[in-house]
Amino acid sequence: MIVAGCCTAFAGLDRPIVTNGNSFRTDRTFVPILLLALLGPPLTAQREWAEREVVRWAAKD
């Protein structure tokens with residue numbers, strides 16, 4: 001998902017990664033990368049919980 005976002009980086013956290021990466025500003029490039037790394041797992045867990053609660057009739061793996 002991050003790679004797809006970097007290919008179409010018009011907004012969001014992917015835009016500073018691409019623009020600062022192209023201008024070799026590594027200090028400003030790693031801040032959004034760290035945010036994505038820190039926020040990714042909790043937000044994924046929250047989405048999975050919400051999916052289990054809302055879509056109770058879905059088949060379980």
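As the structure is a prediction and not an experimental result, all values here were calculated from the model.

Reading guide: rules and limits
Residues numbered from 1 in each chain as written. Predicted model: local features only at pLDDT ≥ 70, side-chain atom pairs only at ≥ 80, totals over all residues. Heavy atoms only, no water. Helix = DSSP H or I, 4+ residues; strand = E, 2+ residues; numbered from the N terminus. Areas by Shrake-Rupley, 256 points an atom, 1.4 Å probe, with all protein chains shown as cover. pLDDT = per-residue confidence, 0-100. Buried < 20%, exposed > 50% of the residue type's maximum accessible area, 1.4 Å probe, protein only. Contact = heavy atoms within 4.5 Å. Polar contact = N/O pair within 3.5 Å; in protein donor to acceptor, adjacent residues only side chain to side chain.

Chemist: When you look at the overall build of the protein in this model, what are you seeing that I'm missing?
Modeler: Within the protein, the secondary structure is distributed over three helices and zero strands. Across the protein, helices and strands are ordered from the amino to the carboxyl terminus as α-α-α. Of the accessible surface of the protein, which amounts to about 5,200 Å², a share of 67% is contributed by carbon and sulfur atoms.

Chemist: I tried to follow the confidence of the model for the protein on my own but got confused; where do I start?
Modeler: As a note on interpretation, predicted positions should not be read in detail where pLDDT is low. Mean pLDDT over the protein works out to 80, with 74% of the residues at or above the 70 mark. The spread of mean pLDDT over the elements of the protein runs between helix α1 (residues 2-7), the lowest at 61, and helix α3 (residues 26-54), the highest at 89.

Chemist: When you look at the side chain of N20 in this model, what are you seeing that I'm missing?
Modeler: Tracing the sequence through the fold places N20 in helix α2 (residues 14-22). Accessibility expressed as a relative area gives 14% for N20, which makes it buried. Setting aside chain neighbours within four positions, we find N20 in contact with R25, R28 and T29.

Chemist: Which parts of the structure should I look at to understand the side chain of T29?
Modeler: Along the chain, T29 falls in helix α3. At a separation of 3.3 Å, a polar atom in the side chain of T29 contacts the main-chain amide nitrogen of G21. At 2.7 Å, the side chain of T29 forms a polar contact with the backbone oxygen of R25. T29 has contacts with I17, N20 and G21, leaving out every residue within four places of it along the chain.

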